[in-house]
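So the chains spell out like this:
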Amino acid sequence: MDLAYLAELPKEEFVLRRQRVFEQMQDNSALIVFTETEKRRNNDCDYLFRADSYFWYLTGFNEPQSALLLIKNEGLCRSILFLRERDPLMETWHGKRLGVAQAPSVLNMDEAFDITQIQSIFAEKTQNLTACYYAQGWQTWGDAIVQSCFGEVIDWRPMLSEMRLIKSEAEIALIQQACHISALAHIRAMKQTRPNRYELEIEGEIQHEFSRFGARFPAYNSIVASGENACILHYNDNNAVLQDGDLLLIDAGAEFAHYAGDITRTFPINGKFNEAQRALYQLVLDSMKVAVKHLVPNSSFKVANEAAMEVMADGLLALGILKGERETLLAEKAVKQFYLHSLGHWLGLDVHDVGDYGQEKDRPLQIGMVLTVEPGLYIPSDADVPEQYKGIGIRIEDNLLITEYGNKNLTSGCPKEIADIEAIMENH
Ligand code: GLY
Ligand code: MN
Ligand code: MN
């Protein structure tokens, strides 16, 4: 078993990213990025810490109370890290710190300083500069420090988001691993599902598989939604009992080395789709397959989504769930009443990763983008549709890398054909 806890990007990749930022910065400017703060859950218990994704992208450093300052002055570029100083008592209680002395060599920085000195050192280092790249309000604890600043403030989010949108080879390898672990977790969930277990027990099975393969965190709170709970798009109560005859929708992805997987599968709790479930499921799957054909270089989410919605409209008409003229239903986007979200999103350090989509999600796709494809149909129990379809929610979600040949499905290890799902559940 490959328990790759320590998998990381090569250190040089962080240096290269900072170089690319320096190339885009005006001369005589600074750029400052603050990481996340520790968040209290209750009394003296905190949520486990995870760095801000922009900060991680430029540093590979996962301690709270840190900030990265880049200075470009008369062509000279310097990377400066602010972090918590070492403290034997705090480290005995809460864990080791990298410390100021070690930081430059470990993280390839030019200088490092105690975070408690940031206000005065920031003022001193930036006094002759004319612009500061800063994302006001993104990490609010930085606002007061940067307020004391000089000159023009330029939001760095468009620049860094564009960089993050196109993934490097090394990033793709980590995302592939996140997807692989996520796929294994879904397979385990299928094998462990049976009537009368609780949704949260299945959530535990998923988390177990993540941990086994070195992913401590889910990339987002796992959605384990049985029966009509599947019609709540970001359901996370996860406290219902699984009922014989219902479907179970699971939307869960591992975070591996800070990169996210994001898979959804929907399958029958008793292992066999009934006729209505089978028909709706096959329709979502068919619309997904059509969408995948369009998620290729120079096409767009918009084009793929329109193709998927056409398949859905035809299918829903055939099942009697939509009624009326085909052309009118298409023109009115009538399927949207049952397909409440969009086709997908960028995927990377964040599950809903950063990067511009274009006004109408019509941005041409490029090699090196990673995205999700996730059509769904959600039929509320009070919808005016044939009885057998009421209360069914289905989503199927895969993760794609855009390649020169079209795309590569990073989550193909997770079964989604009806026969394959039924076989896995039967043979267990
Ligand atoms: N897991 C959230 C999403 O699929 O967008
Ligand atoms: Mn998802
Ligand atoms: Mn998604």
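Residues numbered from 1 in each chain as written. Chains lettered and ligands numbered in written order. Predicted model: local features only at pLDDT ≥ 70, side-chain atom pairs only at ≥ 80, totals over all residues. Heavy atoms only, no water.

Undergrad: How should the side chain of S79 be read in this particular structure?
TA: Within the secondary structure, S79 is located in strand β5 (residues 76–83). Relative accessible area serves as the criterion here: at 5%, S79 is assigned to the buried category. Side-chain polar atoms of S79 contact the side chain of R18, separated by 3.0 Å. Setting aside chain neighbours within four positions, we find S79 in contact with R18, F22, L69, L70, M109, D110 and E111. (Helix = DSSP H or I, 4+ residues; strand = E, 2+ residues; numbered from the N terminus. Buried < 20%, exposed > 50% of the residue type's maximum accessible area, 1.4 Å probe, protein only. Polar contact = N/O pair within 3.5 Å; in protein donor to acceptor, adjacent residues only side chain to side chain. Contact = heavy atoms within 4.5 Å.)

Undergrad: Explain the coordination of the manganese ion (ligand 2) to me, please; I cannot follow it from the model alone.
TA: Six octahedral donors at a metal ideally form angles of 90 or 180 degrees, and four tetrahedral donors ideally form angles of 109.5 degrees. Distances from the manganese ion (ligand 2) to its protein donors, namely D251 (OD), D251 (OD), D262 (OD) and E397 (OE), fall within the range 2.0 to 2.4 Å. Around the manganese ion (ligand 2), the six donor atoms sit at angles spanning 57 to 167°, and that spread fits a shape best called irregular. One chain supplies every donor for the manganese ion (ligand 2), spaced along it as D-x10-D-x134-E. (Donors = N, O, S within 2.8 Å, 3.2 Å for Na, K, Ca; no water. Tetrahedral: all angles 85-135°; square planar, octahedral: opposite > 155°, others 65-115°.)

Undergrad: Could you clarify how one ought to interpret the coordination of the manganese ion (ligand 3) in this entry?
TA: Only D262 (OD), H345 (NE2), E374 (OE) and E397 (OE) from the protein coordinate the manganese ion (ligand 3), and they sit 2.0 to 2.2 Å from it. Considering all six donor atoms around the manganese ion (ligand 3), angles at the metal cover 50 to 153° and the coordination shape is irregular. Donor residues for the manganese ion (ligand 3), ordered by position in the chain, follow D-x82-H-x28-E-x22-E. Between the manganese ion (ligand 3) and the manganese ion (ligand 2) the interatomic distance amounts to 3.3 Å, and D262 serves as a bridging ligand to the pair. Residue E374 is found in the loop between β15 (370–373) and β16 (376–379), and its partner E397 is found in the loop between β17 (392–395) and β18 (398–403); the two are separated by 23 residues along the sequence. Using a relative accessible area of 9% as the deciding quantity, one classes E374 as buried.

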